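Spelled out, the chains give:
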Amino acid sequence: MFDPGTLRQCRKKLRLKQADVANKICKSAGCVSKQENGEMRVSADDLAAYANLYDVSIGSFYKETIEYKNMEGLLWQKSIMP
C-alpha cells in the first residue's frame, strides 16, 4: 500500500521545502503538498521523479500490509494444499 507520508519524510530528510521539490519535478507546491497529505494520487511518472530526486527506490514509498481477512484465507489455502 502506498504511504504518502514517506514523501514528506524523504523531503524533510534532505531539508527541502515543498517549493524546492515542486520546482525540481515540474509540479506546483500545492500539488506536492496534496500528494504528501494523500489528498491527491501520485502518478507513476511523479513517483519515479520523487524516487530519483530522493535517491530511493520506488518501493520505499510503499508499506506492506496484509489485512486479517486476507491472511485468514491464505492460511486456510496453505492448510489444504499438499
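Further up the page is the structure itself.
In this text, all values refer to a predicted model and were calculated from it rather than measured experimentally.

## A look at the packing of helix H2 (residues 18–25) against helix H3 (residues 29–36)
At a minimum axis distance of 8 Å, the contact between H2 and H3 shows a crossing angle of 105 degrees. Classed by the angle they form, the pair H2 and H3 counts as roughly perpendicular. Taking contact as the criterion, the partners of Gln 18, Ala 19, Val 21, Ala 22 and Ile 25 in H2 are, on H3, Ala 29, Val 32, Ser 33 and Glu 36. Within the contact of H2 with H3, the residues separate by chemical class into six nonpolar, two polar and one charged.

## Examining the pattern of salt bridges
Scanning the entire structure with this criterion turns up three salt bridges. One salt bridge in this structure joins Arg 8 and Glu 36, with 3.5 Å as the shortest N-O distance. In this pair, Arg 8 is assigned in helix H1 (residues 5–13) and Glu 36 in helix H3, connecting sequence segments 28 residues apart. Under the relative-accessibility criterion, Arg 8 is labelled partly exposed at 25%. For Asp 46, the salt bridge goes to Lys 27, with nearest N and O atoms at 3.4 Å. One end of the pair, Asp 46, is in helix H4 (residues 44–54); the other, Lys 27, is in the loop between H2 and H3, and 19 residues separate them in sequence. Overall, the relative accessible area of 9% leaves Asp 46 in the buried class. By relative accessible area, Lys 27 is classed as partly exposed at 34%.

Rules used in this analysis
Residues numbered from 1 in each chain as written. Predicted model: local features only at pLDDT ≥ 70, side-chain atom pairs only at ≥ 80, totals over all residues. Heavy atoms only, no water. Axes fitted to C-alpha atoms, helices over the stretch in contact; angles between N-to-C directions. Helix = DSSP H or I, 4+ residues; strand = E, 2+ residues; numbered from the N terminus. Parallel < 35°, antiparallel > 145°, perpendicular 65-115°, else oblique. Contact = heavy atoms within 4.5 Å. Nonpolar A, V, L, I, M, F, W, Y, C, P; charged D, E, K, R; others polar. Salt bridge = Lys/Arg side-chain N within 4 Å of Asp/Glu carboxyl O. Buried < 20%, exposed > 50% of the residue type's maximum accessible area, 1.4 Å probe, protein only.

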